[in-house]
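# Structural features, examined
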Amino acid sequence: MSDTSVDGTEAIGLVLARPARLLGVEPFFMEFIAGIEERLAERRLSVLLHVVATHDEEIATHRRWAERCLVDAVVVVNLTVGDRRPGVLATLGLPAVFAGAWEGGPDLPVVATDNAAPVREALGELLALGHRRIARVTGPADLVHTRARTAALADGCAAAGIEPVLVEGDYSAEAGTKLTAQLLRRPERPTAILYDNDVMAIAGLGVAKDLGIAVPDQLSLVAWDDSTMCRLASPPLTTMSVDVHRFGVMVAESVLELIDGGPVTARRSPPARFTPRGTTARAPKGPPSLG
């Protein structure tokens, strides 16, 4: 979408700093935006969406929107370590609601996500199935939610007396394919892999099939985020399922409170829940083997 507003229609801005190609294959943000739009439509507000490559471009967009008074407020997602956006938006005087993993102060409107508890739940399920060689294909390491998930996994594995293998991806199918292949070619390959999104997990499932590694008998896979793709995969993917649409609705409710000038309720997004399907089973016995 272009960053122009429809005459007579007030808008809420959302800038996504991510490769545009991912939006066509990753369901999360489409569901998230649908939830926001559903709630805003009740007030005849619309979402002004702009996709850019970097946070510098995102900040430039925010400046332009503020100068032209194109939006009443913005939603900020994917907070990073040392994120400059909260400070810039405060300087611009552009009202903002922050969504997702959060390390900022309590004085800013936020719909916070707990990333640690779901990781502990997923790890507990895998440990109960006997898995001890556990790997994770992460999202970008500078994201606050990636760091929170990594810390939770590291703490849980340390308590269990094991050490996880971590490889960094970018949420794309290409990353899922490349990194899964690397993990499965290790001398002691993992018996379970957790992925930070559904797209990388589905790509990883394809790699396991290509290498002749049976899922779930020889390898268990868990995806963060549920989607139709996960449910239609063969076998269907075990996931950490989140009500993403509801998350979007909650963000919109905070936005409406913000632009109405009243106090903004502190909200927490719906928690991710372990949803077992066809890609998790007891850990295989004996040494790993290809084919």
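See above for the structure.
All figures in this text were calculated on a predicted structure; none of them were measured in a lab.

### Describing the sheet that holds strand β12 (residues 273-275)
Strands sit in the order β7-β6-β8-β9-β10-β12 across an open sheet of 6 strands; the sheet is mixed. Here the strands that pair on one side only, and so sit at the sheet edges, are β7 (165-168) and β12. In this sheet, adjacent strand axes meet at a mean angle of 20° when their direction is disregarded. The sheet contact formed by strand β8 (residues 192-195) and strand β9 (residues 220-224) spans 4 bridges and is parallel.

### Digging into the pairing of strand β1 (residues 11-17)
A regular strand places its side chains so that they alternate between the two faces of the sheet. The buried fraction of β1 is high, at 6 of 7 residues. Pairing of β1 with strand β2 (residues 46-52), which is carried by 7 bridges, proceeds in the parallel orientation. Bridged to I12 within β2 is V47. As paired strands, β1 and strand β3 (residues 73-76) are joined by 3 bridges and run parallel to one another. Note that in β3 the partner of L14 across the bridge is V75.

### Examining the sheet that holds strand β4 (residues 96-100)
Strands in a sheet are paired, the pairing made by backbone hydrogen bonds, and the direction either parallel or antiparallel. The strand order across the open sheet built from 6 strands is β2-β1-β3-β4-β5-β11, with neighbouring strands paired in parallel fashion. The sheet is open, and its two edges are formed by β2 and β11 (267-268), each paired on a single side. In the packing of helix α2 (residues 27-41) onto the sheet, the strands contacted are β1, β2, β3 and β4, and the crossing angle to β2 comes to about 155°. Running over the sheet, helix α10 (residues 244-259) touches β1, β3, β4, β5 (110-112) and β11 and is turned about 160° from β4.

### Examining helix α8 (residues 198-210)
Here α8 contains 13 residues, and its C-alpha end-to-end distance of 19 Å stays within 8% of the 18 Å for a straight helix at 1.5 Å per residue. Where α8 is concerned, the buried positions are D198, V199, M200, A201, A203, G204, L205, V207 and A208. Summarising the contacts, the buried residues of α8 are in contact with α2, β6 (134-138), α7 (173-184), β8, β9 and α9 (228-232). At the exit of α8 stands G212, carrying a positive phi of roughly 75°.

### What about the nonpolar core?
Of all hydrophobic cores here, the largest spans 44 residues; its most connected members are L14, F32, L40, V75, V77, I134 and V251. Here this core gets 7 residues from one element, more than from any other, and that element is α10. If we ignore the near neighbours within four places in the chain, the residues touching L40 are I12, L45, S46, V47, A252 and L256. One finds L184, A201, V215 and A223 within the second-largest nonpolar core, a separate group that totals 26 residues.

### Some points on the pattern of salt bridges
One pass over the full model with this rule turns up 13 salt bridges. Across the pair D56 and R84 runs a salt bridge, and its minimum N-O distance is 2.4 Å. With a gap of 28 residues between them, D56 in helix α3 (residues 55-68) and R84 in the loop between β3 and α4 (85-92) connect regions that are remote in the sequence. Using a relative accessible area of 46% as the deciding quantity, one classes R84 as partly exposed. We note a salt bridge from D226 to R231, for which the minimum N-O separation is 3.4 Å. Given the relative accessible area of 42%, R231 is considered partly exposed. Here the salt bridges do not stand alone but share partners, grouping R39, E42, R246, E253, E257 and R267 into one network.

Cut-off values and rules
Residues numbered from 1 in each chain as written. Predicted model: local features only at pLDDT ≥ 70, side-chain atom pairs only at ≥ 80, totals over all residues. Heavy atoms only, no water. Pairing = 2+ DSSP bridges. Helix = DSSP H or I, 4+ residues; strand = E, 2+ residues; numbered from the N terminus. Axes fitted to C-alpha atoms, helices over the stretch in contact; angles between N-to-C directions. Buried < 20%, exposed > 50% of the residue type's maximum accessible area, 1.4 Å probe, protein only. Contact = heavy atoms within 4.5 Å. Expected span 1.5 Å × (residues − 1). Core = buried A, V, L, I, M, F, W, Y, C linked by side-chain atoms within 4.5 Å. Salt bridge = Lys/Arg side-chain N within 4 Å of Asp/Glu carboxyl O.

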